[in-house]
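# Residue-level structure breakdown
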Amino acid sequence: MDADGIYGGVGEFRCAFLPARVQFTFSAALGAPLPRKWPRDCIFGNFRGEHRKAEPMAVSTSIPWNMFRNALLDFLAPGSDPAQFEGLQIADGAYSALWNDPKGGDLIAWEFANTIPLWGATFRDAAGRRVTDAYHAFLVAVDASAGQGPDAQRAKARANQLSAQLANAHGNVANIKQQVRANWFRFNRNQQSLPQQQRIDYSTWFAQNDGLQLAVAESDYNAIANEWMDWSDKAGGGCRALAEALREYNNPAYRRQVTDPSGATLQHRVWNLVPRLSDFVRQAQRGQGTRLRIPMSSTRSSSTTKSGWGSDESRLGFISLGAGGSGDRIDVDTSSAGFSVTFEAPAFTAIQMTPGPWFNRSPLVQYRNGPFISTSPYGQGRATFFGPPKEEGTFSLMKTTVYVAYQPTIRARINSSAYQQMQEAWNRGAGLTIGPFSFGGQSTTSKTKRDAFSGSDAEVVLQSNAQGPQIVAVHSNIMP
């Protein structure tokens, strides 16, 4: 039995589901004894995500992000009830689908699916927030009912006492896994100057270094988990159902050895992504994809749209200098009669993401309002899994669908001032971002064929030649 981890260490790295460059630190001390008290951040270790409070309100569609959202909904399901897309978040140009990689692609895809998005209209993943961790924390924090009689109550009390240790042991395994991957990446990078015959492969390095520490941590977790499940079974009632859910969560049949791009191989819980990104790219390259065409203009806007996210669309520039939405915004008058932007791509698809059988939604629904163990981080007056308010929940969203487009083209009719800023940025190699798509710069440009910029004061045309599809939007279930 184990917990799932992501890239770890201290420094800068590129990731499939984070902006192009992210500073990250892991502050968990490896090998430290497991405390008997609940960890301060039992779901996310020492990570803290950004929360943005927003009350439901009427959002004007003159805001270009909301104009794009309306146009995308018209493309996805014309005439349908927008409520079915309540959990739809629009990407801000910083995300590409990078798991079309024969070496490490599965792990990158699973980590993308496993990461919990931040609450808000704009898609942003929260580093360190994972479905696996949140689900495990929920199962062991519930103060479920026991069967009749003093023996059942004593068994329940003993299980509750073990819950804090179990949460800590789970987090310890995850932290060590993070370190395994970071340590191997560093070691392997440093040995590249050696002749091939003198280099150590991952299996040998793992056995000689971090493998023993991980084995000890997994053994500790297994022992506590087995004891917790035994007492929960003896308690009966709802406790027994939670024990069964944890048993399935830890079922080795629902895990698989997968390799990250650096060559580190570890066990992770299975996710299913359909269709496979590699199949989508192959069809797109053959000209067999479903075409995308999303026109938006001031004349196509409706007056208002009800949005439960609030109005953070205006915080980000719809047109920004720099690929990946990393630069200054360009202000464009979207209400002018001449404004229009058309988004096109030769191939577009929706990739469905579902967890393996290790995940059971029933306990989440049944105990959505608790009760939770009073001494846990989710006791009365403490943290909340699902809200209210939703933006403060640690498990408010869970991805179900990612929409991707291959080599998009954008035609934008904008004012001459905005055109001049875009042209100057392009000429100095800064790249540009319009809505969910990035062009030029270093984030999405193919090494073999550069993205293209053309146009005049009347119209700008941007064309991507990147081999990796770009993420348009992500739809999540609003939990539970």
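Residues numbered from 1 in each chain as written. Predicted model: local features only at pLDDT ≥ 70, side-chain atom pairs only at ≥ 80, totals over all residues. Heavy atoms only, no water.

### Focus: the overall build of the chain
- Across its full length, the chain carries 10 helices and 20 strands.
- Per-residue burial for the chain yields a buried fraction of 55% across its 480 residues.
- When contacts within the chain are restricted to residue pairs at least 6 apart in sequence, long-range pairs at least 24 apart make up 78% of them.
- With the model as given, the accessible surface of the chain reaches about 20,800 Å², and the carbon-plus-sulfur share is 48%. (Helix = DSSP H or I, 4+ residues; strand = E, 2+ residues; numbered from the N terminus. Buried < 20%, exposed > 50% of the residue type's maximum accessible area, 1.4 Å probe, protein only. Contact = heavy atoms within 4.5 Å. Areas by Shrake-Rupley, 256 points an atom, 1.4 Å probe, with all protein chains shown as cover.)

### Things to note about the side chain of Arg-255
- Structurally, Arg-255 is set in strand β7 (residues 255-259).
- A residue is classified by how much of its surface remains accessible, and Arg-255, at 10% relative accessible area, is buried.

### Description of the confidence of the model for the chain
- On average, residues of the chain carry a pLDDT of 81, and 79% of them reach 70 or more.
- Per-residue pLDDT stays below 50 along residues 442-448; that stretch engages in 18 contacts with residues further than four places along the chain or on separate chains. (pLDDT = per-residue confidence, 0-100.)

### Considering unusual backbone geometry
- Backbone torsion omega between Gly-387 and Pro-388 reads 5°, so that peptide bond is classified as cis.
- Looking at where Pro-388 falls in the secondary structure, it is placed in the loop between α9 (362-366) and β14 (397-406).
- Following Met-479, the chain continues to Pro-480 via a peptide bond in cis, the omega torsion being 5°.
- Non-glycine residue Gln-407 carries a positive phi angle of around 45°.
- By the element assignment, Gln-407 lies in the loop between β14 and β15 (409-413).
- Judged by its relative accessible area of 19%, Gln-407 falls in the buried class.

### A closer look at the packing of aromatic side chains
- Tallied over the entire structure, the rule returns 30 aromatic pairs.
- A network of ring pairs unites the aromatic residues Phe-138, Phe-372, Tyr-378, Phe-385, Phe-386 and Phe-395 as a single cluster.
- Lying over the aromatic face of Trp-231, Lys-234 brings its terminal NZ or CZ to 4.7 Å of the ring centre. (Phe/Tyr/Trp six-rings, centres within 6.5 Å; stacked < 30°, edge-to-face > 60°. Lys NZ or Arg CZ within 6 Å of the ring centre and 35° of its normal.)

### Observations concerning the nonpolar core
- Trp-99, Trp-228 and Phe-395 are the most contacted members of the largest nonpolar core, which totals 80 residues.
- Residue contributions to this core peak at 11 residues, all from helix α4 (residues 150-190).
- Not counting chain neighbours up to four residues away, the residues in contact with Trp-228 comprise Leu-139, Val-140, Ala-159, Leu-162, Ser-163, Leu-166, Leu-242, Ala-243 and Leu-246.
- With 43 residues, the next largest nonpolar core counts Phe-85, Leu-292, Ile-319 and Val-472 among its residues. (Core = buried A, V, L, I, M, F, W, Y, C linked by side-chain atoms within 4.5 Å.)

### Some points on the pairing of strand β9 (residues 271-274)
- Burial along β9 is one-sided: the face carrying Trp-271 and Leu-273 is buried and the face carrying Asn-272 and Val-274 is not.
- Across four bridges, β9 lies against strand β13 (residues 340-355) in antiparallel orientation. Bridge pairing links Asn-272 to Thr-354 in β13. (Pairing = 2+ DSSP bridges.)

### Some details on helix α10 (residues 416-427)
- Relative to the 16 Å expected for 12 residues at 1.5 Å per residue, α10 spans 16 Å between its end C-alpha atoms, a close match to the ideal helical length.
- Every buried residue belonging to α10 is among Ala-418, Tyr-419, Met-422, Ala-425 and Trp-426, and all of these are buried. On an axial view of α10, the arc spanned by its buried residues comes to 130°, and they lie on one face.
- Phi turns positive one or two residues past the end of α10, at Gly-429, with a value near 80°. (Expected span 1.5 Å × (residues − 1). Arc of directions from axis to C-beta.)

### A few points about the packing of helix α3 (residues 131-141) against α4
- Running from N to C, α3 and α4 cross one another at 170°; their axes reach a closest spacing of 10 Å. For the element pair α3 / α4, the angle class is roughly antiparallel. When α3 is examined against α4, the residues Thr-132, Asp-133, His-136 and Val-140 are found in contact with a partner set consisting of Ser-163, Leu-166, Ala-167 and His-170.
- Per-class residue counts for the contact of α3 with α4 are three nonpolar, four polar and one charged. (Axes fitted to C-alpha atoms, helices over the stretch in contact; angles between N-to-C directions. Parallel < 35°, antiparallel > 145°, perpendicular 65-115°, else oblique. Nonpolar A, V, L, I, M, F, W, Y, C, P; charged D, E, K, R; others polar.)

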